[in-house]
Amino acid sequence: MTTNTTMTAAVYRRFGAPEVVQVDQVRKPTPKAGEVLIRVHASTVSVADHRVRSRDIPRGLGLLSAVGLGVLRPKRPILGMDAAGVVEAVAADVTAFAPGDEVIAMTGAKFGGHAEYACIPQDGAITAKPRNLSFEQSVTFVFGGITAHGFFKKVTIRPGTTVLVNGASGAVGTAAIQLAKQLGGHVTAVTSGANTELVTSLGADEVIDYTKQDFTTGSDRYDVIVECVGNAPFERVAESLNPGGALLLVIADLQGMLRSRGQSRRSGKLVTSDQGKHSADDLAYLVSLAESGRYRAVIDRTYDLADIVEAHRYVDTGRKRGNVVLRLTTPTTPRNQGL
Ligand SMILES: NC(=O)c1ccc[n+]([C@@H]2O[C@H](COP(=O)([O-])OP(=O)(O)OC[C@H]3O[C@@H](n4cnc5c(N)ncnc54)[C@H](OP(=O)(O)O)[C@@H]3O)[C@@H](O)[C@H]2O)c1
């Protein structure tokens, strides 16, 4: 039960399987200077939560990530990189938000979204929630949307630009398809056959079923490849890129990151794992698309906080489609409302 000083949260105090996460009472955060306190209505359980909880970190990045995540035990015991909710209180110097504002926000590397309350800096990635959508729908724009948008800001996509999205059915992939289509791109989605309908419904022009065809062995070339799986480093896809094309490494290991600059220089193609800094403007862009019906929430399943272990188990399968939503308040939309 929440009191003035405590709140309910999903907490993990050691790294491991989904069962390390427990619903518990913890200290309610207080907004520091420049911060906004949000009463969280919804968050998502993302692959990032899976990665840090289970230390499933890309090769070579384990030591580096331990600095931020903790060595023996988690530094930040509440997971959740995003939040949608209502501003409950603001620090005295906050001018951009006021109690009662409905917002979506990226908690990012500080995590903390899987709790009844979270603090966000007013100058961070926080913006007004889309007026026409529920908290549960709106929160799905944050993790995948802001990532895909951040990477697309590194390239120019105009009508006719050919964009291949590897891992098109995940949180980032479903966002990337929609955002590339917005800009007029011709999108090829790489996914398993079971997700063909989903990616087509989001606007994909072509679909490659990776269980039947290897997109790197065909004769087709692309202007932009968005790599969301971890099996398409530059060495493998260089020949699938048009001259002057770009490989956007949403996921890469340490070697892939270190090599990218040299690969870019030598090939004349952009190879990058850097999506830049997230801002409120990035989120506001996604909200504007959503409010005009040009960007939609892709929700696979919705879980209540009490079912957090189940939610982690599902995300751990690696098969989720779009987003898994975590509900922190009373239902506002039907459970498992589908895609
Ligand atoms: N750089 C960053 O800041 C950043 C931000 C967000 C995410 N990421 C990383 O980006 C990756 C994608 O994130 P996400 O949230 O989109 O993941 P996700 O939602 O967990 O992706 C799940 C999807 O991946 C698909 N998939 C699995 N193996 C595949 C394969 N061999 N080929 C094509 N699709 C495959 C699955 O579809 P099927 O069932 O059809 O296989 C499933 O729908 C993760 O590795 C994540 O850590 C990085």
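Being a predicted model, the structure only gives us computed values, none of them experimental.

The rules we used
- Residues numbered from 1 in each chain as written.
- Predicted model: local features only at pLDDT ≥ 70, side-chain atom pairs only at ≥ 80, totals over all residues.
- Heavy atoms only, no water.
- Buried < 20%, exposed > 50% of the residue type's maximum accessible area, 1.4 Å probe, protein only.
- Helix = DSSP H or I, 4+ residues; strand = E, 2+ residues; numbered from the N terminus.
- Pairing = 2+ DSSP bridges.
- Core = buried A, V, L, I, M, F, W, Y, C linked by side-chain atoms within 4.5 Å.
- Domains from an automatic or database assignment.
- Contact = heavy atoms within 4.5 Å.
- Buried area = accessible area lost by both parts, 1.4 Å probe.
- Salt bridge = Lys/Arg side-chain N within 4 Å of Asp/Glu carboxyl O.

## Notes on the pairing of strand 3 (residues 35-44)
For strand 3, the buried fraction is high: 10 of the 10 residues fall into the buried class. Note: strand 3 against strand 6 (residues 117-121), 5 bridges, orientation antiparallel. Along strand 6, the bridge assignment pairs L37 with C119. The pairing of strand 3 with strand 4 (residues 82-90) spans 6 bridges and is classified as antiparallel. Note that in strand 4 the partner of V36 across the bridge is V90. Bridge count between strand 3 and strand 15 (residues 323-327): 3 bridges; the pairing is antiparallel.

## Concerning the nonpolar core
For soluble globular proteins, nonpolar side chains are generally found buried alongside one another. One finds I38, I126, F152, V163, V165, I177 and L248 to be the most contacted residues of the largest nonpolar core, which totals 81 residues. The greatest single-element share of this core, amounting to 7 residues, is contributed by helix 5 (residues 171-182). Residues from two domains meet in this core; each of domain 1 (6-142 + 297-327) and domain 2 (154-272) gives at least three. If we ignore the near neighbours within four places in the chain, the residues touching L248 are F151, F152, K154, V155, V224, I225, V226, E227 and T272. Grouped together as the second largest cluster of nonpolar side chains are 15 residues, I208, F215, L247 and A252 included.

## Focus on the domain arrangement of the protein
When its domains are assigned, the protein resolves into domain 1 (6-142 + 297-327) and domain 2 (154-272). Each of domain 1 and domain 2 has a C-alpha centre, and the two are 28 Å apart. On the domain 2 side, the residues contacting the 11 residues of domain 1 number 15 residues. Between domain 1 and domain 2, the buried area comes to about 940 Å², and carbon and sulfur atoms account for 54% of it. At the junction of domain 1 with domain 2, the criterion picks out 1 salt bridge. Here D253 makes a salt bridge to R59, at a shortest N to O gap of 2.8 Å.

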